[in-house]
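Residues per chain are reported as follows:
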Amino acid sequence: MTKNNLAVSRTFGSVGVAMVTPFHPDGSLDVDSAVKLAVKLVGDGADTILLSGTTGESPTTHQPEKNELVKEVKSALGDRALVMAGAGSNDTAHAIRIAQGSAEAGADRLLVVAPYYNRPSQEGVYQHIIAVAESTDLPVMIYDIPGRTGVKLELDTLKRLAQHPRIKAVKDSTGDVAAGFIKMAETGLEYYSGDDDLNFAWLAHGASGVISVAGHVISSRLRALVQEVDAGDLPAARKEAFSQRSIIRAIMGTGQGAVMAKEALKLTGVLESATLRLPLVGASASQIAALADVLRAEGLIQA
């Protein structure tokens, strides 16, 4: 693909959805619903499905569940879309086991987040990500989200990581597009928007694509956004991005994308249950009502 006459590499597709993990009302894993959801999202326009990311409640799903999700979703999707598996932990040995299990289950790509909570040095972050990248043959996307991890990936660290042949991309949730523009140029890594509010800004600055939570309900519109930017039609892309604001804010405005994405899927009839695992809890009645108003105004549920 080209963007403004510049080549754009897309090792991880262009419209990714950070998919929720469906649970039955009793909290057990609902694999059938996960498969149906992934198939629907790809039909709507996604070309990458991220499993067991933060939105997939990765901290409260266990490795056998993660492996089963990858196996069944990949079996259903085949070559129609990439399956990316989150391999996140603040225990490097644990992250390696997750990565290897995901690879054995059939994942196409890995997402590796900077270690969280224990706040290692930049050298510690580097060693962690390299160790996970070395543990399989899969291409790796780094996840930079300092608001959750407490650790910012410095430019020098990214430059070092970019030298590894399997480290190809960054999902950026720093909120700093200007800094990302420099990092893109100086590292040669593919960049993906990790903030739905900034999807247009990232794409206009040369990002390869988006990894979206709002994509649970607007994958087709994200596909249109990417295509308009690819075509160099920034006015149309800007208009499209502006039209997505109400849905993005309704889902992401609480800061709990997993919670509101599940409620949106339940309201639109895609999921039967919006069950979460503690410490996440369901949305309030007022939040659900406000979300329903937005979905209704957008024609996604009946008036």
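Analysis parameters
- Residues numbered from 1 in each chain as written.
- Predicted model: local features only at pLDDT ≥ 70, side-chain atom pairs only at ≥ 80, totals over all residues.
- Heavy atoms only, no water.
- pLDDT = per-residue confidence, 0-100.
- Contact = heavy atoms within 4.5 Å.
- Helix = DSSP H or I, 4+ residues; strand = E, 2+ residues; numbered from the N terminus.
- Expected span 1.5 Å × (residues − 1).
- Buried < 20%, exposed > 50% of the residue type's maximum accessible area, 1.4 Å probe, protein only.
- Core = buried A, V, L, I, M, F, W, Y, C linked by side-chain atoms within 4.5 Å.
- Axes fitted to C-alpha atoms, helices over the stretch in contact; angles between N-to-C directions.
- Parallel < 35°, antiparallel > 145°, perpendicular 65-115°, else oblique.
- Left-handed = near helix turned anticlockwise from the far one by under 90°.
- Nonpolar A, V, L, I, M, F, W, Y, C, P; charged D, E, K, R; others polar.

Caption draft 1: Summary view of the confidence of the model for the protein chain. In the predicted model, the protein chain carries a mean pLDDT of 96, and the fraction of residues at 70 or more is 97%. Low pLDDT, under 50, characterises residues 1-6; the predicted model gives this stretch 15 contacts beyond four residues in sequence or across chains.

Caption draft 2: Representation of helix α4 (residues 122-134) in the model. Taking 1.5 Å per residue as the helical rise, α4 with its 13 residues ought to reach 18 Å, and the 18 Å between its terminal C-alpha atoms agrees with that figure. Where α4 is concerned, the buried positions are Val125, Tyr126, His128, Ile129, Ile130, Val132 and Ala133. Buried-residue contacts for α4 involve α3 (92-105), β6 (109-113), β7 (140-144), α6 (155-162) and β8 (167-172).

Caption draft 3: Representation of unusual backbone geometry in the model. In this structure, Pro279 follows Leu278 across a cis peptide bond, with omega equal to 20°. By the secondary structure assignment, Pro279 is in the loop between α12 (257-267) and α13 (285-297). Phi at Glu57 is positive, roughly 55°, even though this residue is not glycine. Structurally, Glu57 is set in the loop between β4 (48-51) and α2 (63-77). Notably, Arg119 is not glycine yet its phi reads approximately 50°, a positive angle. Turning to its location among the elements, Arg119 is positioned in the loop between β6 and α4. The class of Arg119 is exposed, set by a relative accessible area of 60%.

Caption draft 4: Layout of the nonpolar core. Ile49, Ile167 and Ile251 are the most contacted members of the largest nonpolar core, which has 94 residues in total. For this core, the element with the highest residue contribution is helix α1 (residues 31-44), accounting for seven residues. Sequence-distant contacts of Ile49, defined by excluding residues within four places in its chain, comprise Val17, Met19, Ala38, Leu41, Val42, Leu77, Leu82, Val83 and Met84.

Caption draft 5: Representation of the packing of helix α9 (residues 215-230) against helix α10 (residues 234-243) within the structure. Running from amino to carboxyl end, α9 crosses α10 at an angle of 160°, the nearest separation of the two axes being 8 Å. Between α9 and α10, the interaxial angle falls into the category roughly antiparallel. Viewed along their axes, α9 and α10 form a crossing whose handedness is left-handed. Judged by residue contacts, Arg221, Leu225, Glu228 and Val229 of α9 engage Leu234, Ala236, Ala237, Glu240, Ala241 and Ser243 from α10. A class-by-class count of the residues in the contact of α9 with α10 yields six nonpolar, one polar and three charged.

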